[in-house]
Amino acid sequence: MSKYQFITTDQPVGRFYITRISANKLIPIAQSKERSPYNSTGIQRKLDTRRVNEIAKYCESPMAMFPTPIILSGKSNYFKFYRTDNDFVESEENYNDLNSGFIKIDSEKIMKDRNFLSIVDGQHRLAGIAKSKYSDQFDLLVMFIFDTENYEDAEIFSVINRNQKQVSK
């Protein structure tokens, strides 16, 4: 289990737990759930291979950076929360009271159970980084939201992408 320092931020949609994770550690435990006629529980659009390839190529640049967070939804039972480096929070309800601390992710159990973290926002960035041969060079800002339903993740995704504006060239 890997341990990461986190802080929280409260938004109207809920509490986010923010940390920094190596792309190499994040890629195997995160997946996007694409919406299709045969999968109405998915929240993501179909992966755009052209965009993934562009991001993979961008990873080769010495100026490559990904400063915006990857937003992931996960089940809290795959995480352990600590007030300090060693002060484990016993009760599941008590982690909601933490504003900062440390978090352990049980990556092995996530992969064994095939209950991957759902990518709410950042599927193309993660896929592009994974496709590149430079994934070991990126620490990524990650925002976790826990124990949400698919419709809640879809709403967060929709709000984020509905309000995006193209940068003027």
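Please refer to the structure higher up on the page.
Rules used in this analysis
- Residues numbered from 1 in each chain as written.
- Predicted model: local features only at pLDDT ≥ 70, side-chain atom pairs only at ≥ 80, totals over all residues.
- Heavy atoms only, no water.
- Axes fitted to C-alpha atoms, helices over the stretch in contact; angles between N-to-C directions.
- Helix = DSSP H or I, 4+ residues; strand = E, 2+ residues; numbered from the N terminus.
- Parallel < 35°, antiparallel > 145°, perpendicular 65-115°, else oblique.
- Left-handed = near helix turned anticlockwise from the far one by under 90°.
- Contact = heavy atoms within 4.5 Å.
- Nonpolar A, V, L, I, M, F, W, Y, C, P; charged D, E, K, R; others polar.
- Buried < 20%, exposed > 50% of the residue type's maximum accessible area, 1.4 Å probe, protein only.
- Core = buried A, V, L, I, M, F, W, Y, C linked by side-chain atoms within 4.5 Å.
- Pairing = 2+ DSSP bridges.

Asks: What am I meant to see in the packing of helix α2 (residues 49–58) against helix α4 (residues 123–131) here?
Replies: Orientation of α2 relative to α4, taken along the N-to-C sense of each, is 55 degrees, at an axis distance of 7 Å. Considered as vectors, α2 and α4 are oriented oblique to each other. The handedness of the crossing between α2 and α4 comes out as right-handed. Across the interface between the two elements, Arg51, Val52, Asn53, Ile55 and Ala56 of α2 pack against His124, Arg125, Ala127, Gly128, Ile129 and Lys131 of α4. Here the residues of the contact of α2 with α4 sort into five nonpolar, three polar and three charged.

Asks: Teacher, can you tell me more about the side chain of Ser132 here?
Replies: By the secondary structure assignment, Ser132 is in the loop between α4 and β8 (139–146). Ser132 gets classed as buried once you look at its relative accessible area, which sits at 10%. Apart from the residues within four sequence positions on either side, Ser132 is in contact with Ala56 and Cys59.

Asks: Explain the nonpolar core to me, please; I cannot follow it from the model alone.
Replies: Soluble globular proteins: nonpolar side chains tend toward being buried together. Leu72, Phe79, Phe81, Leu140 and Phe144 are the most contacted members of the largest nonpolar core, which has 33 residues in total. Broken down by element, the residue count for this core peaks at four residues, all from β8. Those residues in contact with Leu72 that sit more than four places away from it in its chain are Leu26, Ala30, Leu117, Ser118, Ile119, Val120, Val142, Met143, Phe144 and Ile145. In terms of nonpolar packing, the next biggest core, distinct from the first, is built from seven residues, Phe16, Ile18, Ile71 and Val120 among them.

Asks: What is the right way to read the pairing of strand β4 (residues 70–74) from this model?
Replies: Among the five residues in β4, five count as buried, and that is most of the element. Covered by surrounding structure in β4 are Ile70, Leu72 and Gly74 together with Ile71 and Ser73, the residues of both alternating faces. One ladder, built from five bridges, connects β4 with β8; its direction is parallel. When the bridges of β8 are listed, Leu72 appears paired with Phe144.

Asks: I keep staring at the sheet that holds strand β1 (residues 2–11) and nothing clicks. Help me out?
Replies: Pairing in this open sheet of eight strands is mixed, and the strands run β3-β7-β4-β8-β2-β1-β6-β5 from one edge to the other. One side of each edge strand has no neighbouring strand; the edge strands of this open sheet are β3 (30–31) and β5 (79–82). Judged from the two bridges that link them, β3 and strand β7 (residues 117–121) form a sheet pairing that is parallel. Each bridged residue has a counterpart across the sheet, and for Gln31 the counterpart in β7 is Ser118. Packing against the sheet, α4 makes contact with β3, β4, β7 and β8, and its axis sits at approximately 115 degrees to β7.

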